[in-house]
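Residues per chain, in single letters:
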Amino acid sequence: MDLVKFESFYYRYKGNEEYALKNINLKIEDNKFILLCGETGSGKTSLIRCMNGLIPQFYSGFYKGKVEVCGKNTTEAPIANLSTEVGIVFQNPENQLIAMNVEHEIAFGLENLGVPSKEISKRIKESASLTEIEHILDKAPFELSGGEQQRVAIASILVLEPKILILDEPTALLDPYMAKKIINLLQEIRIEKKITILISEHRLDLILPFTEQLILIKRGSIIEHGSRERVINGDNFQNLRLNIPVIYSIFNKLKKENLYRKNIPSSIPEAIKSLKL
Ligand SMILES: Nc1ncnc2c1ncn2[C@@H]1O[C@H](COP(=O)(O)OP(=O)(O)OP(=O)(O)O)[C@@H](O)[C@H]1O
Ligand SMILES: [Mg+2]
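Here we summarise the structure given alongside this text. (Residues numbered from 1 in each chain as written. Chains lettered and ligands numbered in written order. Predicted model: local features only at pLDDT ≥ 70, side-chain atom pairs only at ≥ 80, totals over all residues. Heavy atoms only, no water.)

Here we take up empty space enclosed by the protein. Counted under the stated rule, the structure contains one cavity of 30 Å³ or more. Roughly 50 Å³ of volume is contained in the largest cavity. Along the walls of the largest cavity sit Leu36, Cys37, Gly38, Lys44, Ser200, Glu201, His202, Leu204, Leu242 and Asn243, which together make up its complete lining. The class makeup of the residues in the lining of the largest cavity is four nonpolar, four polar and two charged. (1 Å grid on protein atoms, 1.4 Å probe; cavity = no way out; pocket = protein on both sides within 12 Å on 5 of 7 lines; lining within 4 Å. Points joined across faces, edges and corners; volume = space filled by probe spheres on them. Nonpolar A, V, L, I, M, F, W, Y, C, P; charged D, E, K, R; others polar.)

Here it is, written out as structure tokens:
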């Protein structure tokens, strides 16, 4: 079964004339690392808001078409219900952290779901260990650095054991070192939990090496969805105004000059491998 399925879905925010999402047909599969790419204002956050019912249940507006999450229609299923299937970490984790300390923060969702306390302790331990926040469990969220807050936000979603973890520009407020750590953490989560991770991220140099599929969105429409190899070697990717990695620019130029004929690599090790073959 597809985890998320959009069928001819359109959405316009109340008060706006332009549709933020236009004729979206999209299937998100199990156990994939997916990168959502598009210029600013193209509809990435809006698309993500559809995946746990925030659109259309929380954001009022006009929609047509259908979105299903694990077979549940997002216009009908309660958001709380959908949130156990799809966990979303938004750009500014500060707004998402509400409890007195980190441990309570992580326990919050599970307590709401009525999970027994022994199971809660077990899951907190596991997700705190995976996100490396065991040492800050008794701190208040506002005492933490941006990178720590982002880890706590991820941990508090992971304990709910969602089938998809979605992150909307999780490194936007972090320095390059912390950004790299968060992206490496996502790769570890992917390997350990075998869940789908969907991420909207501008730092393509960091994220592309881990990406299996890319979704390109432009002015509210999905213009391409496919394997990384196919998408980054196509014209759509090249024509979007994205933060293109240096390695991509070099190999793209070499290809245009007929000095390189294979697929454009997405990391230095891949480039070396490709040149050796
Ligand atoms: N809450 C809202 N109310 C009204 N219009 C909105 C709202 N949120 C987004 N929009 C509009 O919807 C369109 C798509 O915005 P969205 O935030 O989904 O883009 P984005 O790709 O996430 O951009 P960014 O890269 O800047 O985060 C924009 O025209 C934006 O102005
Ligand atoms: Mg956004």
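Right, let's get into the packing of aromatic side chains. As enumerated under the stated definition, the model contains 10 aromatic pairs in all. With a centroid separation of 5.0 Å and an interplanar angle of 85°, the aromatic rings of Tyr11 and Tyr13 are classed as edge-to-face. When its relative accessible area of 15% is taken as the criterion, Tyr13 is described as buried. Sitting over the face of the ring of Tyr19, Arg12 holds its NZ or CZ atom 5.5 Å from the ring centroid. The side chain of Lys64 reaches across the aromatic face of Tyr10, ending 4.7 Å from its centre. (Phe/Tyr/Trp six-rings, centres within 6.5 Å; stacked < 30°, edge-to-face > 60°. Buried < 20%, exposed > 50% of the residue type's maximum accessible area, 1.4 Å probe, protein only. Lys NZ or Arg CZ within 6 Å of the ring centre and 35° of its normal.)

With that settled, consider the site of ligand 1. Taken together, 15 residues sit near ligand 1, with Thr40, Gly41, Lys44, Thr45 and Ser46 positioned nearest. One nitrogen or oxygen atom from the side chain of Tyr13 is found 3.5 Å from a nitrogen atom belonging to ligand 1. For ligand 1, an oxygen atom lies 3.0 Å from a polar atom in the backbone of Gly43. Protein contacts shield 64% of the accessible area of ligand 1, which totals 630 Å² for the unbound molecule. Top contributing element to the shell around ligand 1 by residue count: helix 1 (residues 44-50), with four residues. For the shell around ligand 1, the residue count by class is three nonpolar, eight polar and four charged. (Near = heavy atom within 4 Å. Polar contact = N/O pair within 3.5 Å; in protein donor to acceptor, adjacent residues only side chain to side chain. Areas by Shrake-Rupley, 256 points an atom, 1.4 Å probe, with all protein chains shown as cover. Helix = DSSP H or I, 4+ residues; strand = E, 2+ residues; numbered from the N terminus.)

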